Amino acid sequence: MNKLWYLSQINLMEELPLEDLKEIERMAPMSKIPKGTIISSPGEAPPALYLLKKGKVRLYKLNREGKEFTLGILGDGNIFGEVETFSTGTRDTYVEAMEETLLCVLNKKDFEEFMKERPQLAIKLIGILTERLREAEEMLENLAYGSVQKRLLYLLSKLVHHFGNQKGAYWELDLRLSHQDLAAMIGATRETVSATLSELTRQGVISKERNKRDLRIHRKKMESMMNEK
């Protein structure tokens, strides 16, 4: 599968003609990033825009005690990084490859020159960033006012939306997350998340196939429980 095919799958690039995709291919070399690599960190990342062709990356911060707090997970077709013209909200965050990942990197000068001639791309980028900001605001609201169960259900609903594959009445997450990972994303302890997941399993909201780590979520039951007062 060639690089142009990957570029065409990136949300920001999906409406560009072949000539423009070839220009990006020339400017932005593709790199294979091993799982666990810190792609960028606060104060150390050069001005650049990263195009996530394939894979998943985790955005997180550290508190004063050095504990990680996950802000979000980005999958195939997403963008992140910082240039003076645009910010994707990752300036003060760590970005880690959760699995082997394919990235293209556009430097500041090339990106700005490319955007000047393609205003429709700038409008699309603003839309992507606006949606990401909206989801971040929703998460903050849930963290502030929701119970651990409500926060966990909200998180699972977002993960299903971005990374779910329907299997009958259930949606299977194409994402491997530990109880600690989930806890870091909703500001809870691992023990509390484990207990909440056990209760949701008892109620049939989630399940796991024997000998598999994949989480399966009954979407209708989840949505019904989320709407309960």
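Preceding this section is the structure that the text describes.
This section reports on the structure supplied with the text. (Residues numbered from 1 in each chain as written. Predicted model: local features only at pLDDT ≥ 70, side-chain atom pairs only at ≥ 80, totals over all residues. Heavy atoms only, no water.)

### Examining the pattern of salt bridges
Charged atoms that come close allow side chains of opposite charge to pair. Applying the stated criterion across every chain yields a total of six salt bridges. One salt bridge connects Glu199 with Arg202, and the closest N-O pair in it is separated by 2.6 Å. Of this pair, Glu199 and Arg202 both sit in helix α7 (residues 190-202), three residues apart, which is roughly one turn of the helix. When its relative accessible area of 62% is taken as the criterion, Arg202 is described as exposed. Between Arg219 and Glu223 there is a salt bridge, with its nearest N and O atoms 3.3 Å apart. Within this pair, Arg219 and its partner Glu223 are both found in helix α8 (residues 219-226), separated by four residues, close to a single helical turn. Classification of Arg219 as partly exposed rests on a relative accessible area of 24%. (Salt bridge = Lys/Arg side-chain N within 4 Å of Asp/Glu carboxyl O. Helix = DSSP H or I, 4+ residues; strand = E, 2+ residues; numbered from the N terminus. Buried < 20%, exposed > 50% of the residue type's maximum accessible area, 1.4 Å probe, protein only.)

### Things to note about the sheet that holds strand β10 (residues 170-173)
Backbone hydrogen bonds are what pair the strands of a sheet, in a parallel or an antiparallel way. Reading across from one edge, β9-β10-β12-β11 is the order of the four strands in this open sheet, with antiparallel pairing throughout. Of all the strands in the sheet, the pair left with one neighbour each is β9 (164-167) and β11 (206-208). Sheet twist, expressed as the mean angle between neighbouring strand axes with direction ignored, is 35 degrees. Relative to β10, β9 is paired through four bridges, and the arrangement is antiparallel. Each bridged residue has a counterpart across the sheet, and for Lys167 the counterpart in β10 is Tyr170. Together, β10 and β12 (215-218) form the strand contacts of α8, whose direction differs from that of β12 by roughly 65 degrees. (Pairing = 2+ DSSP bridges. Axes fitted to C-alpha atoms, helices over the stretch in contact; angles between N-to-C directions. Contact = heavy atoms within 4.5 Å.)

Fair warning: the whole summary comes from geometry, so function is off the table for now.
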